[in-house]
Amino acid sequence: MRDILTLYRHELRMAFRERSIVVGSILMPLVLYPTILWLTFTGITFVQGQTEGQVARIVVHNAAAVHPALSNALRVSDKFQVVTEPDARRAADLVRAGAADLFILFAPAAGTASALPGNFTATLTFDASKERSAAARDRVAAAIDKFREDWLEREARARGVPTAGWNAFTLADRDVSTGRQVGARILSLMLPLFFVIMVAIGCFYPAIDTTAGERERGTWETMLTLSVPRTRVVLAKYLSVATLGCLAGLINLAAMLVTIRPILAPLAARAGETLEFVVSPWSVPVVLVGAVLLAGFAAAGMMIFAVFARTFKEGQAMITPFYMLLFIPVFFMQDPEVTLTTKRALLPVMNVALMIREAIVGRLPWLQIALTVLSSVALIALCIRAAAFILRFEDVIIGSYSGSFGQFVSRRILGRTPKRGAAEGA
Amino acid sequence: MTASITARALQKVFIDEGRGEVRAVDGVDFECRPGEIFGLLGANGAGKTTTLRMLSTILQPTAGTATVMGHDIVTQPELVRRHLGFYSASTALYPRLTARETIEFFARVNGYPADRIAARVGALVERFGIGAYAKARVDKLSSGMKQKVSIARTVAHDPPVLIFDEPTVGLDVINALDMQQVIAEFRAEGKAIVFSTHIMSEAERLCDRIAIINGGRILACDTLAALREATGHRYLEDIFVHFVRPEQAMPATGGRA
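Residues numbered from 1 in each chain as written. Chains lettered and ligands numbered in written order. Predicted model: local features only at pLDDT ≥ 70, side-chain atom pairs only at ≥ 80, totals over all residues. Heavy atoms only, no water.

1. Looking at the packing of aromatic side chains
Within this structure, the stated rule accounts for 16 aromatic pairs over all chains. Taking the centre distance of 6.5 Å and the plane angle of 15 degrees together, the rings of Y205 of chain A and F312 of chain A count as stacked. Highlighted residues: Y205 of chain A in helix 6 (residues 179–217) and F312 of chain A in helix 10 (residues 312–331), separated in sequence by 107 residues. Residue classification places Y205 of chain A among the partly exposed positions, given a relative accessible area of 44%. Arranged with centres 5.1 Å apart and planes meeting at 65 degrees, the rings of Y323 of chain A and F327 of chain A form a pair that is edge-to-face. Of the two residues, Y323 of chain A and F327 of chain A both sit in helix 10, four residues apart, roughly one turn of that helix. By relative accessible area, which is 13% here, F327 of chain A ends up buried. We note R215 of chain A situated over the ring of W220 of chain A; from NZ or CZ to the ring centre the distance is 4.2 Å. Over the face of the ring belonging to F106 of chain B we find R153 of chain B, whose NZ or CZ atom lies 5.2 Å from the ring centre. (Phe/Tyr/Trp six-rings, centres within 6.5 Å; stacked < 30°, edge-to-face > 60°. Helix = DSSP H or I, 4+ residues; strand = E, 2+ residues; numbered from the N terminus. Buried < 20%, exposed > 50% of the residue type's maximum accessible area, 1.4 Å probe, protein only. Lys NZ or Arg CZ within 6 Å of the ring centre and 35° of its normal.)

2. Considering the domain arrangement of chain B
Residue and element names in this part refer to chain B. On domain assignment, one finds that chain B holds domain 1 (1–83 + 164–222) and domain 2 (91–158). The C-alpha centroid of domain 2 is placed 24 Å from the C-alpha centroid of domain 1. Contacts between the two partners involve ten residues from domain 1 and, on the opposite side, ten residues from domain 2. With both chains or domains summed, domain 1 and domain 2 bury close to 930 Å², and 52% of this area falls on carbon and sulfur atoms. Three residues, R82, F186 and K191, lead the burial of domain 1 against domain 2; their summed loss comes to 43% of the area buried on that side. The tally of links between domain 1 and domain 2 comes to three salt bridges. R127 is paired through a salt bridge with E185; the nearest N and O atoms lie 3.2 Å apart. For the pair domain 1 and domain 2, the number of links is four residue pairs in polar contact (both at pLDDT 80 or more). Those elements that provide at least two residues to the side of domain 1 that touches domain 2 are helix 2 (77–82) and helix 6 (173–188). Top element by residues in the side of domain 1 that touches domain 2 is helix 6. It accounts for five residues. (Domains from an automatic or database assignment. Contact = heavy atoms within 4.5 Å. Buried area = accessible area lost by both parts, 1.4 Å probe. Salt bridge = Lys/Arg side-chain N within 4 Å of Asp/Glu carboxyl O. Polar contact = N/O pair within 3.5 Å; in protein donor to acceptor, adjacent residues only side chain to side chain.)

3. Quick word on helix 4 (residues 117–127) of chain B
In an α-helix, one full turn covers 3.6 residues, which means residues spaced three or four apart are oriented alike. Residues and elements named next belong to chain B. Every buried residue belonging to helix 4 is among I117, R120, V121, L124 and V125, and all of these are buried. Across the axial projection of helix 4, the buried residues extend over an arc of 135 degrees, all falling on one side. Exposed and oriented more than 90 degrees from the buried face of helix 4 are A118, A119 and E126. Once helix 4 finishes, G129 follows within two positions and takes phi at roughly 65 degrees, a positive value. (Arc of directions from axis to C-beta.)

4. As for a nonpolar patch on the surface
All names here are of chain A. Residues M1, I4, L5, Y8, L12, F16, I26, L27, L30 and V31 make up a contiguous nonpolar surface patch of roughly 1,100 Å² in combined accessible area. Taken together, the elements giving at least two residues each to the nonpolar patch come down to helix 1 (2–16) and helix 2 (19–52). Of the residues forming the nonpolar patch, the biggest block, five residues, is contributed by helix 1. Within the fold, F16 resides in helix 1. (Patch = residues over 30% accessible without salt bridge, like charges linked within 9 Å, V, L, I, M, F, W, Y side chains within 5 Å. Areas by Shrake-Rupley, 256 points an atom, 1.4 Å probe, with all protein chains shown as cover.)

5. So, the interface of chain A and chain B
Each partner contributes residues to the interface: chain A has 24 residues there, and chain B has 28 residues. Interface of chain A and chain B: buried area, both sides summed, is about 2,200 Å²; carbon and sulfur atoms make up 51% of it. For the interface between chain A and chain B, the tally reads three salt bridges. With a closest N to O distance of 2.5 Å, E394 of chain A and K12 of chain B form a salt bridge. Our count for the contact surface shared by chain A and chain B stands at ten residue pairs in polar contact (both at pLDDT 80 or more). Of all the secondary structure elements, the ones that give two or more residues to the side of chain A that touches chain B are helix 6, helix 7 (220–224) and helix 13 (394–398) of chain A. Among the elements that take part in the side of chain A that touches chain B, helix 7 of chain A stands out by supplying four residues, more than any other. Considering only residue class, the side of chain A that touches chain B consists of ten nonpolar, six polar and eight charged. (Nonpolar A, V, L, I, M, F, W, Y, C, P; charged D, E, K, R; others polar.)

6. A look at the sheet that holds strand 8 (residues 192–197) of chain B
Residues and elements named next belong to chain B. Spatially, 6-7-8-3-9-10 is the arrangement adopted by the six strands of the open sheet, whose pairing is mixed. Sheet topology places strand 6 (84–88) and strand 10 (217–222) at the edges, where each strand pairs with a single neighbour. Between one strand axis and the next, the sheet turns by 15 degrees as a mean value, whatever way the strands run. Pairing of strand 6 with strand 7 (residues 161–165) involves five bridges; the strand directions are parallel. The partner of G85 across the bridge, within strand 7, is L162. Sheet strands touched by helix 1 (residues 48–55): strand 3 (37–41), strand 6, strand 7, strand 8 and strand 9 (209–214). Its angle to strand 7, the strand with the most contacts, is close to 150 degrees. (Pairing = 2+ DSSP bridges. Axes fitted to C-alpha atoms, helices over the stretch in contact; angles between N-to-C directions.)

7. As for the packing of helix 3 (residues 99–109) of chain B against helix 4 of chain B
Residues and elements named next belong to chain B. The geometry of helix 3 relative to helix 4 is characterised by a closest axis approach of 10 Å and an angle of 130 degrees between their N-to-C directions. Between helix 3 and helix 4, the crossing angle belongs to the class labelled oblique. Considering only the axes of helix 3 and helix 4, their crossing is right-handed. Taking contact as the criterion, the partners of R100, I103, E104, A107 and R108 in helix 3 are, on helix 4, I117, V121, L124 and V125. Classifying every residue of the contact of helix 3 with helix 4 by side-chain character gives six nonpolar, no polar and three charged. (Parallel < 35°, antiparallel > 145°, perpendicular 65-115°, else oblique. Left-handed = near helix turned anticlockwise from the far one by under 90°.)

Set out below in structure tokens:
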């Protein structure tokens, strides 16, 4: 037992003296992951808040058929904006076109249900492929449910009978979306998320392998003796990492498109829906451009961190925070109503993911796409410039610098003096 | 004869946060001519590797100049590397390439004429007896085989200048002797060779001129015969101690071999 304890202590001591273990097992769980979690949930809450704050544009027909209290509630509530369209067919067209979120057609209850005084039916026409329309449907349905509950309880108490079995205020849904539109919506939710993840994974290991991996294998110095300028060597490495990231994203996208139909179609059929997973031909060049931009940024960012690593393990520890940060913008996209606006076109990663999402559902906001391309190219150029600056330092290029990216910035750029005992490569 | 390598007052200072300013090389001067093996003989940390790394443009000198085939190591590093083959224990091979791919890659990337690469690779495979495992990945090769591939990749672009930084470190006796033989063959082909070692017998056997380096400075530089003459010692080991640790030096016995 004493032997085990001695060995156990020895193992722990060794582990705690290994920087990558301390960073990966202690510091990151302690600081990074909670921070990422906090940022993610803050973002999701913010986006949800925006959705909840949206006013549902509703067309109401035959409001006289319902209780005045309910009719008034819908009219005066600041959550609803009543759109006037007297023709029922045109009202449904407004919902299809996205000019209105919901068309409510009230009608007096028929048959035995009419025995209940004031009873009615409501047909809710909405577009399930549009989040805003689906949210408006849910909001109105919830308002009617609440009204029904209160009304039934009041009536039952007045009559001294239970509420069970009362068929009051029935709702009927009428979804105007096509299977293709719903399919596109599902694709637009899933594909950009997996795309970003796969591009990041596609860049992760090559970025380490081409820098820290070379140092660990002893081929870094061999590479330095090649008779080509070092900038070209680094550029070739960067391009190879970006290519692999790009390839990973595109292969995954293609695989998802092929497999999503057999996976989801049976589930949809069980739910009585027919889904079509077809993407617009226009989305192909947009997705290709997106793959290049995203991989270009991920590769450049990862290589800036990886260039400081001397072993594969160090490389993993140094890149992981950046790798995790890449995913944060994507979590904000869980709300399908988040679209590519001019401001969002300037947000790294999110802009490209949104651009791909827009293309998948067949929307092509050219101005925002152009802004996305320009801002991404500028960011990539900035990263490459930063990498070129870092590699001007001889100890970094030959691999004798023993600090991290953060230490490099602190000491070499900000000029801070290290604490006594903290070594830096000669 | 024009020197292939010249080094003048070459200096390298590292800034170490623990030790402060470290003068790894402190005013090194020497020349190496075609068909000559110039030996840098020194203990570990004497400044041999730093000097050779500066000549091969891996490191930049803090002061001083050096040229390789007339090209300045600071202002024309690519041209220097094009005329240079650098071999050291720390320049490993790419494990995922085959032996043939390795030689071909180094010939191509170092500017060997594209239309002659296939013939050059074939000749090197033949010369170093790599044929049987030319299609095997480097990580599957034994250390002796790797050594041959490594020499072949060093000379793949047929450079006129070769630098060998402690090439026999970690090799068994047979492989070390093979290495020495290959280096001697390169000399016979007219290449200028700088060879660093701390093994006296190697320097004695191979080098036309020997520079004894210690603390970043060259303490003596001449032919073995002249060094014997100057110190009165026969064995290079004694000559080395004579310059590096004069207080421990054996009494001179007369330097004639």
